[in-house]
Amino acid sequence: MFTGKGLNYAVYYHIVNSAEGVSLDDIKMKLLCSLVLMALMAFFIFLCLKIHKRQIVFIKSKYVGICYIFCFIGMLFTAQARNYYDFFSDIYYLNHSDHAGIEKFYHIPTGNIKHKYNYVFIYAESMERTFRNINNINFQPKLTRLADESIDFTNIQQLPGMGWTMAGIVNTQCGIPLVMGQGNTGGRISQFLPGAQCIGSWLRNNGYHTQFIRGSKKEFAGSDKFFSQHGWLEQKDYQYFIDKNMVTADQISGWGVHDDRLTDYAWQEFVRLSSRNSPFLLSFLTVNTHPPMGNMLDVCQDKIINNIDNEMLKSVSCSDYLLSKFIENIIHSKWYNNTIIVLVSDHLMMGSIASPYLDPQADKRRNTFMVFKKGAKPQKVNTAGSLFDVWPTVLDIAGESDKKIGFGHNLLDHSQSHIFKAYVQNNIYPYMSFATALWNYPKITDDMVYEDKRLVIGDQKYALPLVASYDENNRIDSFFFEAIARNMELLGQQKKNFFYAEQCPDKTDLVCAYNVSPNKVEFSYISPQGASREHISNVTPLIYTNKLYGVSSGTYGEEGGVTGDYNEYNFSRGINAMAVKSKDKIFINIDTCQGAEMNENQLKDLYERSQSAIILSSYDSLFCGDKKPLTQLAEIFHDDKLNNIDFRQQIIGVYTPEKKESIIGKVNQPLDVFVDLDRQKILSICQTLTLCP
C-alpha cells in the first residue's frame, strides 16, 4: 500500500521511526478479517473431510463447491495474515536481535590500492532495471544499448535496510543495511555511523580526491554529516548551485537542480579532475525520477520514445537519455583508459504514478548495477546480490586484491554473500542488529554536559528535545527528536526505560533531564559543567498506566500524530479531530490550505459517537490566509482560543459537550501534550512523568 512493493523494510523503518502515513488501525482490521477467514477455512476443510468420509453424495454435491471456495478465499487471506505476522516479527527482532558471531562476516577495507583508477559513481534516483521491459516496452533503450558494452548485473535485489536514498548510499559505500533511530533525523546527531568504515575513507587514505554532487540539499537526512565524516572532501548541492549563480529558476524543481544541469556540471568536474593527473572519486545523485510524479525536462522532448502518456515513464526515459549521454562522453574521452564508471539505482521506485506498470512485476523487480571499464569483457551476470555487493565487485573489476567492504561480496565469484543467504533464510536480523551497533550509541550513565545548545552524551552530540530508550545495560538503543509525546507514550506502552531531555523552559543555560522507568523517575539539571541530580520520585509514572494519549503536533515534514490505547493515528495537514474511544474510532482531517470545506455536521457528529471525549489538534496550520475555519471551529467546540490562532501555531484540545480544555503552542514550534480521556484533562510532559522543575 505504501511502497508499491508491499511490506518491506522501508515500511518497517518508517513505522518504527516516523510512522508517517501508516495506519496501524487499518492493519488491525485486516488482520482480524484474516483470522476470521482462517477459522472459516479450517471449519470448511473439516466439514469437507467429514462429508467425504461418509460419502453422502447429495450433501457432497451440494456443499463441496462452497467448501472449496471458502478454502481458496481463506488461503488468500492466510497469506496476508502471514505478512502481518512477519511484519510484527520484524519490528520485534529489529530491536531484540543478538549479533554475536556476525562480526566475522563484516570486513573493513585495509591496505594500499594497487591500480589507481579514477571512479565515476552515479546514483540514479529510482532508475531500477525493471523499466527496461514494461509491457514489452523499453523505457531505457539507450542505457540498454550501453549495457551490452558493460558488465551488467541482472539480479540485484532489495534487502531490509534498503529502499530509500540515504539507505542506498550507506548500502553501497559501507556494505551494511541502514538502521537508525527516527526516519531522516540523522542531521540531529553529531556523528553519522561513527563505527562504520566505508569506501570514501579508504580511497581518501590512498590519496584520492573525493567529491559528491547532488541537486537536492545536502543536509537532508544528515547526509552532509555522513559524507564529511566518511572520507568525502567536497560536497556540492542545491545551495552551491544557487550561490554560484549556476542555475536559473526554470532549472530548479521542488526536488532540486534539474538533472540536465547536474550532469553538465558533473561532466565539467570530470574533465577538470582528470586533467589534474591525480586519482579521484566523483559521484553524483540525480533527482528528476523521484516519486511520485517525476519531472520531464524540456531538453528531452525530442530525445525519448514518442507517445508516452505517464509522466513518470517520461521522466525515466529522459533520465535514460541524460545518463547515457554523460556515460558516452566519458567513454569517448581521452581519459577513459584510466576511468571506471559505475551506475546504480539507489533503490527500487517507491509508490508513484508508474506503480500500475511496476506492480504486476513485483517479484521480478531489480535494481540497476552496471560497470564500464575499457578492455573489460561485456557480460551479463545473474548472480543474486544486493547493493552491499557493489563496491566489492567494482574493486575486483579494478584488479584489487582487498575488495571486501562491510557485508559486501564480489558478485563475479558467482556465489552469494553471507548476508544474502541469511536474507533468503529469513535470518537477516542479526546483521541488522550489528549495523545498529555501528552507531556507537552511548550509555545513559555516561558523562553529560550541555554545550552549544546540544546535549553531549559521551562522544555524541544530540539536538533537543530528545527521547532515548535504553537496554538493560544502560546502552541507548533508539532515539526520537520529533513527536515527543507520541513516541514517549509508545515507549510507555512497551514498558521501556527511557531518558528525556529538553531545554529548561525558564533556564536557557540548563537542560531538564528525566531518567524514567516503570518504578521511578529521576530528575536532573544538566549544565556545561555536568549533571546534578535534583529529585527522585518512587512512584509509577502515568506514562506506564495506559490511561493516556500522547498527542504531538508540528510543522509540515515533522512527525505528528496520536498514540494511545495501543493504537496509532497519523496527522495530516490542517484540522485533525478524533473520537478515539468511539466504537468505530472516527478520525477526521480537513486540509483547509488545499481548499477543503469545513463540514460542521461531520464534526458535530463526533460528539454523538464519542464514548468519552474528542481530541482536536492542528498539524502544520489550521488555515492558510482565510481565517473562516477558525471561527467555525470556535463555534463547534465553544472554545474562543481557536479564534486567536496564528498561521502555523499549534493547538491541542480535549472536548465534551460539557467540558473543554486546550493548550496553544508557539508559532513554528511543535506542541506535545498528553490527554487523560477519563478525566478529560491535558497534562504536560513533566506532569505525566510526575516531576516538574
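Residues numbered from 1 in each chain as written. Predicted model: local features only at pLDDT ≥ 70, side-chain atom pairs only at ≥ 80, totals over all residues. Heavy atoms only, no water.

## Remarks on helix α12 (residues 390–397)
Moving on, step 1. Buried residues dominate α12, accounting for 7 of its 8 residues.
Moving on, step 2. For α12, the set of buried residues is Val390, Trp391, Pro392, Thr393, Val394, Leu395 and Ile397.
Moving on, step 3. Taken from the residues just after α12, Gly399 is the one with a positive phi, measuring 85°. (Buried < 20%, exposed > 50% of the residue type's maximum accessible area, 1.4 Å probe, protein only. Helix = DSSP H or I, 4+ residues; strand = E, 2+ residues; numbered from the N terminus.)

## As for the nonpolar core
Moving on, step 1. Judged by nonpolar contacts, the single largest core of 87 residues is most densely connected at Tyr119, Phe153, Ile176, Phe369 and Trp391.
Moving on, step 2. When neighbours within four sequence positions are excluded, Ile176 is seen to be in contact with Tyr106, Val170, Asn171, Leu193, Ala196, Phe388, Phe407, Ala435 and Leu438.
Moving on, step 3. Formed by 47 residues, the second largest nonpolar core is a distinct cluster that contains Met296, Ile304, Leu313 and Tyr321. (Core = buried A, V, L, I, M, F, W, Y, C linked by side-chain atoms within 4.5 Å. Contact = heavy atoms within 4.5 Å.)

## Section: the packing of aromatic side chains
Moving on, step 1. If you walk through the whole model with that rule in mind, you get 39 aromatic pairs.
Moving on, step 2. Relative to Phe587, the ring of Phe571 has its centre 6.4 Å away and its plane inclined at 40°; by these criteria the two rings are tilted. With Phe571 in the loop between β22 (567–570) and β23 (574–579) and Phe587 in strand β24 (residues 586–590), this pair connects stretches of sequence that are 16 residues apart.
Moving on, step 3. Residue classification places Phe587 among the partly exposed positions, given a relative accessible area of 27%. (Phe/Tyr/Trp six-rings, centres within 6.5 Å; stacked < 30°, edge-to-face > 60°.)

## Section: the state of the cysteines
Moving on, step 1. Overall, the coordinates contain 5 disulfides when judged by the stated rule.
Moving on, step 2. Bridging Cys174 to Cys198, the disulfide has an S-S length of 2.0 Å. The disulfide joining Cys174 to Cys198 has a torsion of about 95° about its S-S bond and is therefore right-handed. Taken together, the residues Cys174 in helix α5 (residues 165–174) and Cys198 in the loop between α5 and α6 (199–205) connect sequence positions 24 residues apart. This pair shows no difference in class: Cys174 is buried, exactly as Cys198 is.
Moving on, step 3. Shown here is the disulfide that connects Cys504 with Cys512, its sulfur atoms set 2.1 Å apart. On the sign convention where negative means left-handed, the S-S torsion of about 120° between Cys504 and Cys512 marks this disulfide as right-handed.
Moving on, step 4. Given a relative accessible area of 3%, Cys504 falls into the buried group.
Moving on, step 5. Using a relative accessible area of 1% as the deciding quantity, one classes Cys512 as buried. (Disulfide = S-S within 2.5 Å.)

## Brief notes about the environment of Leu313
Moving on, step 1. Counting through the fold element by element, Leu313 comes out in helix α10 (residues 311–331).
Moving on, step 2. Its relative accessible area of 2% is what places Leu313 among the buried residues.
Moving on, step 3. A sequence separation of 17 residues divides Leu313 from Met296, and the C-alpha atoms of the two residues are 8.9 Å apart.
Moving on, step 4. When residues no more than four places from it in sequence are discounted, the contact partners of Leu313 are Phe131, Phe139, Ile308, Ala354 and Tyr357.

## A word on a nonpolar patch on the surface
Moving on, step 1. Taken together, the side chains of Leu32, Val36 and Leu40 present a nonpolar region at the surface, about 230 Å² in accessible area.
Moving on, step 2. A residue is classified by how much of its surface remains accessible, and Leu32, at 46% relative accessible area, is partly exposed. (Patch = residues over 30% accessible without salt bridge, like charges linked within 9 Å, V, L, I, M, F, W, Y side chains within 5 Å. Areas by Shrake-Rupley, 256 points an atom, 1.4 Å probe, with all protein chains shown as cover. Salt bridge = Lys/Arg side-chain N within 4 Å of Asp/Glu carboxyl O.)

## Focus on the sheet that holds strand β16 (residues 498–503)
Moving on, step 1. Strand order in the open sheet made by the 6 strands is β15-β14-β16-β17-β18-β19, with antiparallel pairing throughout. A single partner strand is all that each edge strand has here, and the edge strands are β15 (476–480) and β19 (530–537). Taking the axes of each pair of neighbouring strands and ignoring which way they run, one obtains an average angle of 20° across the sheet.
Moving on, step 2. Sheet topology note: the strand β14 (residues 466–470)/β16 ladder contains 4 bridges and is antiparallel. Within β16, the position partnered with Ser469 by the bridge is Phe498. (Pairing = 2+ DSSP bridges. Axes fitted to C-alpha atoms, helices over the stretch in contact; angles between N-to-C directions.)

## Digging into the environment of Ser275
Moving on, step 1. Tracing the chain through its elements places Ser275 in the loop between α9 (259–274) and β7 (280–285).
Moving on, step 2. Taking the relative accessible area as the measure of exposure, Ser275 reaches 44% and is therefore partly exposed.
Moving on, step 3. Here the side chain of Ser275 touches Val271 through a polar contact of 2.7 Å, landing on its backbone oxygen. (Polar contact = N/O pair within 3.5 Å; in protein donor to acceptor, adjacent residues only side chain to side chain.)

## Describing unusual backbone geometry
Moving on, step 1. Put simply, Pro291 and Pro292 share a cis peptide bond, and its omega is 5°.
Moving on, step 2. With respect to the helices, strands and loops of the structure, Pro292 is situated in the loop between β7 and α10.
Moving on, step 3. The amide bond that connects Leu464 to the next residue, Pro465, takes the cis arrangement and shows omega of 0°.
Moving on, step 4. Position of Pro465 relative to the elements: it lies in the loop between β13 (460–462) and β14.
Moving on, step 5. Notably, Arg648 is not glycine yet its phi reads approximately 60°, a positive angle.
Moving on, step 6. Tracing the backbone through its elements, the reader meets Arg648 in the loop between α17 (628–637) and β26 (651–655).
Moving on, step 7. Residue classification places Arg648 among the partly exposed residues on the basis of a relative accessible area of 30%.

## Things to note about the packing of helix α16 (residues 600–609) against α17
Moving on, step 1. Across the interface, α16 lies against α17 with an axial gap of 10 Å and an inter-helix angle of 30°. Relative to α17, the element α16 lies roughly parallel. Of the two elements, α16 crosses α17, and the hand of that crossing is right-handed. Two secondary-structure elements touch here, α16 through Glu600, Leu603, Lys604 and Tyr607 and α17 through Gln632, Leu633, Ile636 and Phe637.
Moving on, step 2. Residues of the contact of α16 with α17, tallied by class, amount to 5 nonpolar, 1 polar and 2 charged. (Parallel < 35°, antiparallel > 145°, perpendicular 65-115°, else oblique. Left-handed = near helix turned anticlockwise from the far one by under 90°. Nonpolar A, V, L, I, M, F, W, Y, C, P; charged D, E, K, R; others polar.)

## Details of the packing of α9 against α10
For any two helices packed against each other, the geometry is given by the interaxial angle and the distance between the axes.
Moving on, step 1. Following both chains from N to C, one finds α9 and α10 inclined at 10°, their axes separated by 10 Å at the closest point. Between α9 and α10, the crossing angle belongs to the class labelled roughly parallel. Contact with α9, carried on its side by Asp259, Asp260, Thr263, Ala266, Trp267 and Phe270, involves Leu322, Phe326, Asn329 and Ile330 of α10 and no other residues of that element.

## Notes on the environment of Asn576
Moving on, step 1. With respect to the helices, strands and loops of the structure, Asn576 is situated in strand β23.
Moving on, step 2. In this structure the C-alpha to C-alpha distance between Asn576 and Leu616, which are 40 residues apart in sequence, comes to 5.8 Å.
Moving on, step 3. If we ignore the near neighbours within four places in the chain, the residues touching Asn576 are Phe571, Phe587, Ile588, Asn589, Ile615, Leu616, Ser617, Ser618 and Tyr619.
Moving on, step 4. At 2.9 Å, the side chain of Asn576 and the backbone oxygen of Ser572 are in polar contact.

By themselves, these observations are geometric and do not establish any function.
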